[in-house]
Amino acid sequence: MTDAILIKGGTVVNDDEMVKADVLVQDGKIVAVGPDLHCEGATLVDAAGRLVIPGGIDPHTHMQLPFMGEIAVDDFYSGTRAALAGGTTMIIDFVIPAKDSTPLKAYKQWRDWADPKVCCDYALSMAITTWNDSVSKEMAEVTKPEYGINSFKFFLAYKGVFMVHDDEFYQGMLQCAKIGGMARVHAENGPVIAEKAKELLSLGVTGPEGHTQSRPEELEAEATNRACVLASQANCPLYVVHVMSKGAARAIAHHRQRGAVVFGEPIAAGLGTDGSHYYSDDWLHAARHVMSPPLSRDPSTPEALMRLLACGELHLVGTDNCTFNCQQKLAGKDDFTKIPNGVNGVEDRMAIVWERGVHRGIMDPMRFVAVTSSQCAKIFNMYPRKGRIAVGSDADIVIWNPDATKIISKDTHHQAVDYNIFEGQTVHGVAEVTISRGKIVWQDQRLSVEAGAGKFVSLPPYCPYVFAACQQREKVIQPRSVKREPIAEIESLKITDKQQTTKSKVPPGGGSQISFA
């Protein structure tokens, strides 16, 4: 068993248990979990004093995305390579068709970009950027196993580029519900943002501070509430991407308390920093943090979002990793609306969540596993193949050292982008060893990866974790009609000479005449 790996002496952590156990890996799968395992010829990994956790899954990336006249510098090679160094062994990227393209054409383009480059496994989610009968039909087509799409993203922002209107969003969610695909939403108010941006520019506010002022948190909260209302009307499960503000999180909690199937995804950036950077005297420093929705203006928001993750009101952590280097950000030096939107996070996500969540006593290691891996696997219908340390699961495993520390820096990270929004932060908890598809790809601070070694993971529709309540609710909320007797024709009343008109006497001095007819 020369390709076997035996992990000895660690504590296995799943989302529902922590247990001392060894783990044996063979042929890309976990084949045994238990005490005192032995395997002659296996590669030994000493995990004493360490946690053995499922590889992280980032549900929200944009590798080499063409956007705002630029192309994101982290492609499917550098992005997934960096992910592995941070303990993430799978990403879900977004296919985003241009307005004049189609889902199927864009899908082929993304597969052509990704398949030769990915260093870890990946899946795809499909954005719907326009609406017509052809798009509706292609949505159904891409849920077939050969395409493997089970979620569809709708933008309520980026007017004229990606945005759909409410009626199109609603129609799209009706189709999602019909074909077993979960709706995902970028919740902002695109038309109002466009107007506010014009107003700010006319007043001479051209720097990155204009970006956050044109997109106040109240608009994210409004759009999140609106999206939840429309999803309930369509009886469609909803996943709100990059929840950046307390108001948006409260909207999600409100609708969940009313029984709606809604999932909330904060991101590493929103958990690890805040919007004070937009007001830096250094234009480039401020521009590096430009993303949409913007980082919260409230410095207490990162901890508040982490606490909501810990208690289950928010559900999993993504990154919205979409990186543009400093030269690309300069495209908006005279107009904040032209600064390419996007930040890093795919490499540092796991460490940021551990530092801000577990190390600070807000969540336990099991909840850490849930929000960085297991919940994503469940929501996207790949659990327990992914997101669990168990016999039969894929051998995507991380040996996590909860006591080790590192300082995050652009000088040492593995992403292609030339800055890091977490620059200088000290984090406790690091990935010491990463195993992807049964091979050690990160150990002793060195990567051993190969472009194309990752594989595409097809995601089946009608995930029970997402759709079970909706399917029952469909039976309960069927439209009702009331059966009534046919309406008989009513003949007009005929006034005959025999009918007498009752007249009231007019009192002396005048008054009104009252008639009852």
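These numbers come from a predicted model, not from an experiment. (Residues numbered from 1 in each chain as written. Predicted model: local features only at pLDDT ≥ 70, side-chain atom pairs only at ≥ 80, totals over all residues. Heavy atoms only, no water.)

A.B. asks: Give a description of the UniProt feature "domain: Amidohydrolase-related" (unreviewed entry) in the protein that names residues and reports values.
C.D. replies: According to UniProt, the "domain: Amidohydrolase-related" (unreviewed entry) feature falls on residues 51-441. Between the C-alpha atoms that bound residues 51-441 the distance is 18 Å, and the span itself is 38% helix and 18% strand. (UniProt positions renumbered as here; feature names shortened; annotations may be inferred. Helix = DSSP H or I, 4+ residues; strand = E, 2+ residues; numbered from the N terminus.)

A.B. asks: Tell me about the environment of I128, residues and numbers included.
C.D. replies: The residue I128 is located in strand 12 (residues 121-128) in this model. Sequence-distant contacts of I128, that is, excluding residues within four places in its chain, are made with P103, V135, M139, F152, K153, F154, F162 and V164. (Contact = heavy atoms within 4.5 Å.)

A.B. asks: Describe the layout of surface pockets, listing the residues and the values that go with them.
C.D. replies: Picture a little ball the size of a water molecule; that probe, rolled over the atoms, points out where space is still empty. What the largest pocket holds in volume is close to 400 Å³. Lining of the largest pocket is provided by 17 residues; of these, M68, Y158, K159, R215 and T337 occupy positions nearest its centre. Elements with a contribution of two residues or more to the lining of the largest pocket: helix 5 (190-202) and helix 6 (208-214). Here the lining of the largest pocket takes four residues from helix 5, the largest share from any one element. Partitioned by chemical class, the residues of the lining of the largest pocket number eight nonpolar, six polar and three charged. (1 Å grid on protein atoms, 1.4 Å probe; cavity = no way out; pocket = protein on both sides within 12 Å on 5 of 7 lines; lining within 4 Å. Points joined across faces, edges and corners; volume = space filled by probe spheres on them. Nonpolar A, V, L, I, M, F, W, Y, C, P; charged D, E, K, R; others polar.)

A.B. asks: With reference to specific residues and values, describe the sheet that holds strand 12.
C.D. replies: Reading across from one edge, 8-11-12-13-14-15-16 is the order of the seven strands in this open sheet, with parallel pairing throughout. This sheet does not close on itself; its edge strands, each paired only once, are strand 8 (56-61) and strand 16 (262-264). Strand-to-strand, the axes of this sheet are offset by a mean angle of 25°, without reference to chain direction. Bridge analysis of strand 12 against strand 13 (residues 151-155) gives three bridges, and the strand direction is parallel. The partner of M126 across the bridge, within strand 13, is F152. Running at roughly 150° to strand 16, helix 8 (residues 246-257) makes contact with strand 15 (238-240) and strand 16 of the sheet. (Pairing = 2+ DSSP bridges. Axes fitted to C-alpha atoms, helices over the stretch in contact; angles between N-to-C directions.)

A.B. asks: Could you give an account of the pairing of strand 14 (residues 182-186), naming the residues involved and the relevant values?
C.D. replies: The buried fraction of strand 14 is high, at five of five residues. With burial as the criterion, each face of strand 14 is covered, one bearing M182, R184 and H186 and the other bearing A183 and V185. As paired elements, strand 13 and strand 14 share five bridges and run parallel to each other. What sits directly across from K153, in strand 14, is R184. Between the parallel elements strand 13 and strand 14, the chain passes through helix 4 (residues 166-179) in a crossover that is right-handed. Judged from the three bridges that link them, strand 14 and strand 15 form a sheet pairing that is parallel. Each residue of the ladder has a partner; that of R184, found in strand 15, is Y239. (Buried < 20%, exposed > 50% of the residue type's maximum accessible area, 1.4 Å probe, protein only. Right-handed = clockwise from strand over helix to strand, strands pointing away.)

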